[in-house]
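Overview (structure and organization)
Each chain is listed here by its residues.
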Amino acid sequence: MRILGIETSCDETAASVVERDAQGKGHILSDVVLSQIEDHAPYGGVVPEIAARAHVEALDSLVKQALAQANLELDDIDAIAATAGPGLIGGLIVGLMTAKAIAMAADKPFYAINHLEGHALTARLTDGISFPYLLLLVSGGHTQMVLVRGLGDYERLGTTIDDALGEAFDKTAKLLGLPYPGGPAVEKAALEGNASRFILPRPLKGEARLDFSFSGLKTAVRQTATEIAPLSEQDVADICAAFQEAVADTLSDRVSRSLKRFKQDFPDKEMPELVVAGGVAANKRLRSALEELCDSHGFHFIAPPHALCTDNAAMIAWAGAERAMSMEASSLDVAPRSRWPLDEKSAPLIGTGRRGAKA
Ligand code: KG4
Ligand code: ZN
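Residues numbered from 1 in each chain as written. Chains lettered and ligands numbered in written order. Predicted model: local features only at pLDDT ≥ 70, side-chain atom pairs only at ≥ 80, totals over all residues. Heavy atoms only, no water.

Concerning the domain arrangement of the protein chain
Stated precisely, the cut-off is as follows: An automatic or database domain assignment is the source of the domain bounds shown. Here, residues are in contact when the closest pair of their heavy atoms is within 4.5 Å. The buried area of a pairing is the accessible area, by a 1.4 Å probe, that goes missing from both parts when the two are put together, added over both. Every case where a carboxyl oxygen of Asp or Glu lies within 4 Å of a side-chain nitrogen of Lys or Arg is listed as a salt bridge. Think of a polar contact as two N or O atoms within 3.5 Å of one another; within protein, one of them needs to be a possible hydrogen donor and the other a possible acceptor, and neighboring residues in sequence only count if both atoms come from side chains. Secondary structure elements are taken from DSSP: a helix is a run of H or I of four residues or more, a strand is a run of E of two residues or more, and numbering for both begins at the N terminus. Residues are grouped as follows: nonpolar covers Ala, Val, Leu, Ile, Met, Phe, Trp, Tyr, Cys and Pro; charged covers Asp, Glu, Lys and Arg; every other residue, Gly included, is treated as polar.
What the domain assignment lists for the protein chain is domain 1 (2-123 + 307-326) and domain 2 (131-303). Each of domain 1 and domain 2 has a C-alpha centre, and the two are 27 Å apart. Each partner contributes to the interface: domain 1 provides 17 residues, whereas domain 2 provides 19 residues. With both chains or domains summed, domain 1 and domain 2 bury close to 1,400 Å², and 72% of this area falls on carbon and sulfur atoms. Here domain 1 is connected to domain 2 by 0 salt bridges. Seen at the junction of domain 1 and domain 2, the total is 3 residue pairs in polar contact (both at pLDDT 80 or more). Breaking the side of domain 1 that touches domain 2 down by element, the ones donating at least two residues are α4 (115-126) and α11 (314-326). Counting residues per element, the side of domain 1 that touches domain 2 draws most heavily on α4, which supplies 6 residues. The residue makeup of the side of domain 1 that touches domain 2, split by class, is 8 nonpolar, 5 polar and 4 charged.

Below, the structure written as structure tokens:
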């Protein structure tokens, strides 16, 4: 089965063709992503209007490129999948309408996909892992620990009660005069820094709940920076190093609780998996902290290749392929949803993420 996937929920326009073979293994035949980062950089964040317009301009040609790179015609495709939410509504409309139009014109089944489900199932495409497993999603819009029990069966164990982790990196970078997106800039500066010069707080560390919090850390960065201003390059590096250490420490504490909970709930699953996804998963310090944590708790640490951790359409095509095996196609009436929790039973937490719609 071959699926064409389309992703337009935030600032990446993406199209991809993925094949699911008879053994259930996935193969990425093409994966085209056009990042709009340069369009948004002058504003220090994603501007919804600019994003929607850029999707309109790029999507048709990206779909053509995805088919051409896979060496296929539309006729060779078995189904179309597109992100229907959560995300910025203008972009979602562009992707969803395009996918529906293609499905209708070519008379193919259509699957409306939850973007978070795309992230959640990626490790089944890349590593062929089986349910259940844990997913830590850390991006600019989300910080969530999700128990992936099965297809369409997700339990949100914990989420941020204020800022998303990528957002905390971005805000810290902005405070310190580093460029957008902040994560890579903070990580680079931290390499030259002394992490023990400043001791920053570890929000929620030691608490029994499985949630995350990062806004106090960002406030502490602001206070520290204000106290010692004007900042030298070394001051910035030292603050970045202290920030990253505080994040690694509190993240390890929070995640360790979910690992223990998983072991209690699934005592028979040998070497279960913790999967990371989202742009923050690129951070080497955080990766090594999570790797160490997994080693000590008897978990496999799975970090899909960077291009598949950040927003892409291969994960949407793959989620479509998984759904097509056991579920009915979506109706062409399906509406985009700017908010669409993976776990509809979990109450939304107030104030979660400035760009809360974004994953
Ligand atoms: O998943 P992603 O590419 O986009 C969405 O949020 O949908 O994640 C982007 C976020 C940004 O906040 C960025 O600063 C952060 O991921 N990020 C990082 C690193 N690379 C990207 N954060 C920490 N360290 C990094 N190396
Ligand atoms: Zn995402």
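The rest of the description comes next.
Focus: a negative patch on the surface
Selection criterion: Distance thresholds for patches are 9 Å for like charges and 5 Å for nonpolar side chains (Val, Leu, Ile, Met, Phe, Trp, Tyr), applied to residues having over 30% relative accessible area and no salt bridge. For accessible areas, the Shrake-Rupley method is used with a probe of radius 1.4 Å. Any residue's cover is judged against the shown protein chains and nothing else. Charged residues are defined narrowly, with Lys and Arg counted positive, Asp and Glu counted negative, and His plus the chain ends left uncounted. A charged residue contributes its charge at one atom only: NZ of Lys, CZ of Arg, CG of Asp or CD of Glu.
Together, E73, D75, D76 and D78 make up a negatively charged patch on the protein surface. Position of D78 among the secondary structure elements: in the loop between α2 (48-69) and β4 (79-85).

With respect to the sheet that holds strand β10 (residues 300-302)
As a reminder, the rule being used: The criterion for strand pairing is that DSSP finds at least two bridges linking the strands in question. Interaxial angles span 0 to 180 degrees and are taken between N-to-C directions of axes, which are lines fitted to C-alpha atoms, for helices over the stretch in contact.
Read across the open sheet, the 5 strands follow the order β8-β7-β6-β9-β10; overall the sheet is mixed. Here the strands that pair on one side only, and so sit at the sheet edges, are β8 (153-159) and β10. Looking at each pair of strands side by side, their axes are set apart by 25 degrees on average, direction ignored. Here strand β7 (residues 143-150) pairs with β8 via 6 bridges, running antiparallel. Paired with V146 across the strands is R156, a residue of β8. Together, β6 (133-138), β7, β8 and β9 (273-277) form the strand contacts of helix α8 (residues 233-265), whose direction differs from that of β6 by roughly 160 degrees.

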